[in-house]
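Inside the fold
Residues per chain, in single letters:
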Amino acid sequence: MSYLMKPMSFVLVILLGHMLKRFGFFEKNEYKLLSKIMMNITLPCAVIHAFDGFERQGRMFWLVGIGLLFAFLPALLVYLGTRGMDARTRAFRMLNVSGYNVGCFSMPLIQAFFGSRGMVAACMFDTGNAVMMTGGLYAMTSTLLHTGGKEQESVGQIILKFLKSVPFDTYMVMILIAAAGIKIPQAVFELTRPAAQANAFIAMLMIGMMFEPTGDKQLLVETARLIVFRLMFASVTACVVYFLTPFDLLVRQVIAVICFAPLSGLSPVYTDRCHGDTAMSSFMNSVSIAVSLIVMVALSLYFVT
């Protein structure tokens, strides 16, 4: 029963954020402030804190490549499977079936169920995933389908985006330190602990503030189609990781859970840049969060009990 308290607390904070917005305590776009706090303070601290007690294992660095591959493959499959459709539809589907919301959503859950070692595995996976989510997927989509127009970014601009992303920079610095075998002073972990522990609450509250229900039938059908595709892809990749990779059991469990993570919060942004339906993308993102919460919590409970 104690294990149920963790997911229930996440659900309650999400509901709290949504209800406070509905009753006017929060304005519609005030989640952006929480997003800035999380992306620039609490999430980087959570990443740093995840490396407390990290022991270098060369095999773990393969998770970076797995994260990149799993974020890339759905977009490629959609691109190959939607030939004959108009470019806007193809772009929307490519941008809204690929990648994972690891930092804002999955890490608090992984932190709660699997502890610091699970967080390190999640960080490794998310580093590869972040290459696609912070610009790679948009560059791939707009280049292949020519939907970016004047907004299309150069390689230099995409690289600059990577460097401006504090969580991505934190991932890279911590991984380089870990790869070099440099021991981080315990004081660093103690100083980052309060912000790291606040990350889960801020992330869940922000998700609740972002959720937007709708009743449009066409939107619901398209959302259901893409969510089912994501679940099928997640099921296959989770099985591949869990049964066919040589990682330790806990690492395989963590990555299997992350395979069911929701869409990246950047999907609506890049949908807009490719002149797609941003309202549909935002709604799909919210539904993806709800579905992923149920599946990830259920799978995590199965693994830890």
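Provided above is the structure to which this section pertains.
Described in the following lines is the structure provided in the data block. (Residues numbered from 1 in each chain as written. Predicted model: local features only at pLDDT ≥ 70, side-chain atom pairs only at ≥ 80, totals over all residues. Heavy atoms only, no water.)

As for the nonpolar core
- In terms of nonpolar packing, the biggest core is built from 69 residues, with Phe51, Leu63 and Met107 touching the most fellow members.
- Tallying contributions element by element places helix H5 (residues 102-145) first for this core, with 15 residues.
- Setting aside chain neighbours within four positions, we find Phe51 in contact with Val120, Cys123, Met174, Ile175, Ala178 and Phe189.
- Of all hydrophobic cores here, the second largest spans 25 residues; its members include Ala75, Leu95, Leu219 and Ile227. (Core = buried A, V, L, I, M, F, W, Y, C linked by side-chain atoms within 4.5 Å. Buried < 20%, exposed > 50% of the residue type's maximum accessible area, 1.4 Å probe, protein only. Helix = DSSP H or I, 4+ residues; strand = E, 2+ residues; numbered from the N terminus. Contact = heavy atoms within 4.5 Å.)

Thoughts on the pattern of salt bridges
- Inspection of the entire model under this criterion finds four salt bridges.
- Taking the shortest distance from any N to any O, the salt bridge between Arg117 and Asp248 comes out at 2.5 Å. A residue pair is termed long-range when its members are at least 10 positions apart, and Arg117 in helix H5 and Asp248 in the loop between helix H9 (217-244) and helix H10 (249-258) qualify at 131 residues.
- One salt bridge in this structure joins Arg193 and Glu190, with 2.7 Å as the shortest N-O distance. (Salt bridge = Lys/Arg side-chain N within 4 Å of Asp/Glu carboxyl O.)

Regarding the packing of aromatic side chains
- If you walk through the whole model with that rule in mind, you get seven aromatic pairs.
- Seen from their ring centres, Phe70 and Phe233 are 6.5 Å apart, and the 85° between their planes marks the pair as edge-to-face. Placement of the pair is Phe70 in helix H3 (residues 62-81) and Phe233 in helix H9, with a sequence separation of 163 residues. Judged on exposure class, the residue Phe70 and its partner Phe233 are both buried.
- Geometrically, the ring pair formed by Tyr242 and Phe303 is stacked, given 5.4 Å between the ring centres and 20° between the ring planes. Placement of Tyr242 in helix H9 and of Phe303 in helix H12 (residues 278-304) is noted, with a sequence separation of 61 residues between them.
- The class for Phe303 is buried, based on a relative accessible area of 15%. (Phe/Tyr/Trp six-rings, centres within 6.5 Å; stacked < 30°, edge-to-face > 60°.)

Examining H10
- Where burial is concerned, most of H10 is hidden: eight out of the ten residues are buried.
- Of the positions making up H10, those classed as buried are Val251, Arg252, Gln253, Val254, Ile255, Ala256, Val257 and Ile258.

Bear in mind that shape data such as this cannot, by itself, settle questions of function.
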